[in-house]
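# Observations on the three-dimensional arrangement
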Amino acid sequence: MNNATIKKLSEKGFGFLKVEGREKDLFFHATGLVGGLDFNQLKEGQKVTFEDIENNGKGDTAVGVDLV
């Protein structure tokens with residue numbers, strides 16, 4: 001598990017995570033949430049964990065995102 005903080009959320013069902021030691025913010029999408037988590041429950045500044053980083057062809061994407 002990797003730790004991150006929600007930096008920015010979009011009304012379109014995606015957002016960006018600030019990951020310690022990573023220069024660029026990490027993209028995530030509502031489809032990458034786990035544990036029954038609903039995107040509408042998320043707020044900027046919340047601590048989350050994520051399982052892995054996948055490259056979707058456009059860039060890195062966090063998958064397996066859940067609240068701490």
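Our structure's up above, just so we're on the same page.
An account of the accompanying structure is given in this report. Nothing here was measured: the structure is a model prediction, and the numbers come from that model.

### Quick notes on the overall build of the chain
Helix and strand content of the chain: 0 helices and 7 strands. Moving toward the C terminus, one meets the helices and strands of the chain in the order β-β-β-β-β-β-β. Relative to the globule expectation of 11 Å for 68 residues, the C-alpha radius of gyration of the chain, 11 Å, shows essentially globular dimensions. Along the first, second and third principal axes, the C-alpha atoms of the chain reach 25 × 25 × 20 Å. The buried share of the chain, reckoned over its 68 residues, is 34%. Surface exposure of the chain reaches about 4500 Å², of which carbon and sulfur atoms provide 47%.

### Side note on the sheet that holds strand β3 (residues 26-29)
Pairing is mixed in the open sheet, where 7 strands are placed in the order β5-β6-β3-β2-β1-β4-β7. Every interior strand has two partners, whereas the edge strands, β5 (52-55) and β7 (66-67), have only one. Pairing of strand β1 (residues 2-9) with strand β4 (residues 47-50) involves 4 bridges; the strand directions are antiparallel. Looking at the pairing, Thr5 lines up with Lys47 of β4.

What counts, and at which threshold
Residues numbered from 1 in each chain as written. Predicted model: local features only at pLDDT ≥ 70, side-chain atom pairs only at ≥ 80, totals over all residues. Heavy atoms only, no water. Helix = DSSP H or I, 4+ residues; strand = E, 2+ residues; numbered from the N terminus. Rg over C-alpha atoms; globule rule 2.2 N^0.38 Å. Buried < 20%, exposed > 50% of the residue type's maximum accessible area, 1.4 Å probe, protein only. Areas by Shrake-Rupley, 256 points an atom, 1.4 Å probe, with all protein chains shown as cover. Pairing = 2+ DSSP bridges.

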